[in-house]
Amino acid sequence: MDLRIFTEPQQGATYDTLLTVAKATEDLGFDAFFRSDHYLRMGNADGLPGPTDAWITLAGLARETKRIRLGTLMTAGTFRLPGVLAIQVAQVDQMSGGRVELGLGAGWFEEEHKAYGIPFPKEKFARLEEQLEIVTGLWATKTGETFDFHGTYYDLTDSPALPKPAQERIPVLIGGHGATRTPRLAARYADEFNIPFASVEDSERQFGRVRAAVEEAGRGAGALTYSNALVVCVGRDDQEVARRAAAIGREVDELKANGLAGSPAEVVDRIGRYAETGSTRIYLQILDLDDLDHLELISSQVQTQLS
């Protein structure tokens, strides 16, 4: 079971804070550092000092880290034109020496679009399909050849399809709870399917839908990695769990029901239940980015039992 650190910087974080967490992620042996792609805080957080851009952040981290994978859960398809996104991600992949992964979704948070003047189209899923075809098509085009695409929403003519990523194929993550269109899209384009903040039962059900779509698409049963994203709150004792829950404005019982919370032994057992669904990777949503002791505890007493 791979454990990856997943952050939500729109809730309030500077680049320096993210750099500190990313370096701790690397030093403590975690597999990857991922971040959300949002421009507006959610809930009761003040969001100070303001948002950071996902791909600018990852470009900086690409030069400041050496081993960990870097990526997004999920880049919003509404934020960037697909040709521009393909260039940005390929460049960051080059800057990292081939450690980038792209999680791409349709975009859903209408308020952040209004706050920063970003168009929020009604039909987002069909746009996402075209974006995935364009981004992956640009990367796959051989050097010296050109790429053309003429769709409903995007039109590319004689694109040189440059630059190329450092990796032969940048892993693409697709996720969500949709019962029909999402599995079909994952079967066509994804290297990994991620389901965010879902129960064991819902994960098993959705993974089954995706596996069926993968088989129907003619890809092998092991073509995709299956993963979960879950909030984490671990403590050496009940008091430490309660303190960490309070620090992120959550209740312990709710966290235990909907995430990974409790003692290291409880969390390992809970992860084991997700592993039984076929999940082989967990994105640990870390909401208190100043609590580096939390990462150390997860590394020393949870990750060591799973490796």
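What comes next is a walk through the structure. Just so it is clear, the structure is predicted and the values come from calculations on it, not from any experiment.

**Section: the side chain of Thr-52**
Here's step 1: Assignment of secondary structure puts Thr-52 in the loop between strand 2 (32-35) and helix 2 (54-64).
Here's step 2: There is a polar contact of 2.8 Å between the side chain of Thr-52 and the side chain of Arg-35.
Here's step 3: Ignoring anything within four residues of it in the chain, the contact list for Thr-52 reads Pro-9, Ala-13, Tyr-15, Leu-18, Arg-35, His-38, Tyr-39 and Thr-57.

**What about helix 7 (residues 200-216)?**
Here's step 1: For helix 7, spanning 17 residues, the distance from its first C-alpha to its last is 24 Å, which sits close to the expected 24 Å at 1.5 Å a residue.
Here's step 2: The complete set of buried residues in helix 7 reads Val-200, Ser-203, Gln-206, Phe-207, Val-210, Ala-213 and Val-214. Buried residues of helix 7, viewed axially, fall in a sector of 145°; they line one side. More than 90 degrees from the buried face of helix 7, the exposed residues found are Glu-215 and Glu-216.
Here's step 3: Each element contacted by the buried residues of helix 7 is listed here: helix 6 (181-189), strand 9 (192-196), strand 10 (225-234) and helix 10 (264-275).

**Observations regarding the pattern of salt bridges**
Here's step 1: Evaluated as defined, the whole model comprises 23 salt bridges.
Here's step 2: Each of Arg-236, Glu-240, Arg-243, Arg-244, Asp-291, Asp-293 and Glu-296 takes part in one network of salt bridges that share partners.

**Description of the environment of Asp-288**
Here's step 1: By secondary structure assignment, the location of Asp-288 is in the loop between strand 12 (281-286) and helix 11 (292-306).
Here's step 2: Counting along the chain gives 96 residues from Asp-288 to Glu-192, while the straight-line C-alpha distance between them is 27 Å.
Here's step 3: For Asp-288, the residues in contact, after removing those within four places along its chain, are Ala-247 and Ile-248.
Here's step 4: In this structure the side chain of Asp-288 is engaged in a polar contact, spanning 3.2 Å, whose partner is the backbone nitrogen of Asp-290.

**Brief notes about the environment of Leu-128**
Here's step 1: Within the fold, Leu-128 resides in helix 5 (residues 125-140).
Here's step 2: Once the C-alpha coordinates of Leu-128 and Pro-51 are considered, the two residues, 77 residues apart in sequence, prove to be 24 Å apart.
Here's step 3: When near neighbours in sequence (up to four residues on either side) are disregarded, Leu-128 contacts Leu-104, Gly-105, Ala-106 and Leu-185.

**Some details on the packing of aromatic side chains**
We describe a pair of aromatic rings using the distance from one ring centre to the other and the angle between the two ring planes.
Here's step 1: Following the criterion strictly, the structure yields six aromatic pairs and no others.
Here's step 2: Relative to Phe-207, the ring of Phe-193 has its centre 6.4 Å away and its plane inclined at 85°; by these criteria the two rings are edge-to-face. Here Phe-193, found in strand 9, pairs with Phe-207, found in helix 7; they are 14 residues apart in sequence, far enough to count as distant. The same class applies to Phe-193 and to Phe-207, which are both buried.
Here's step 3: Ring centres 5.3 Å apart and planes at 65° place the aromatic pair Phe-207 and Tyr-226 in the edge-to-face group.

**A look at the side chain of Asp-53**
Here's step 1: Structurally, the position occupied by Asp-53 is in the loop between strand 2 and helix 2.
Here's step 2: At 3.1 Å, the side chain of Asp-53 forms a polar contact with the backbone nitrogen of Trp-55.
Here's step 3: One polar contact links the side chain of Asp-53 to the main-chain amide nitrogen of Ile-56, over a distance of 3.0 Å.
Here's step 4: Beyond its immediate sequence surroundings of up to four residues, Asp-53 is in contact with Arg-35, Tyr-39 and Arg-80.

**Some points on the pairing of strand 9**
Here's step 1: Strand 9 sits mainly inside the fold: four of its five residues count as buried.
Here's step 2: Two strands pair when backbone bridges link them, and strand 8 (residues 172-175) and strand 9 are joined in this way by three bridges, in the parallel orientation. Its bridge partner lying in strand 9, Leu-173 is registered against Glu-192.
Here's step 3: Where the polypeptide runs from strand 8 across helix 6 and back to strand 9, its parallel neighbour, the crossover connection is right-handed.
Here's step 4: Once the chain exits strand 9 it traverses helix 7 before rejoining the sheet at strand 10, and the crossover so formed is right-handed.

Cut-off values and rules
Residues numbered from 1 in each chain as written. Predicted model: local features only at pLDDT ≥ 70, side-chain atom pairs only at ≥ 80, totals over all residues. Heavy atoms only, no water. Helix = DSSP H or I, 4+ residues; strand = E, 2+ residues; numbered from the N terminus. Polar contact = N/O pair within 3.5 Å; in protein donor to acceptor, adjacent residues only side chain to side chain. Contact = heavy atoms within 4.5 Å. Expected span 1.5 Å × (residues − 1). Buried < 20%, exposed > 50% of the residue type's maximum accessible area, 1.4 Å probe, protein only. Arc of directions from axis to C-beta. Salt bridge = Lys/Arg side-chain N within 4 Å of Asp/Glu carboxyl O. Phe/Tyr/Trp six-rings, centres within 6.5 Å; stacked < 30°, edge-to-face > 60°. Pairing = 2+ DSSP bridges. Right-handed = clockwise from strand over helix to strand, strands pointing away.

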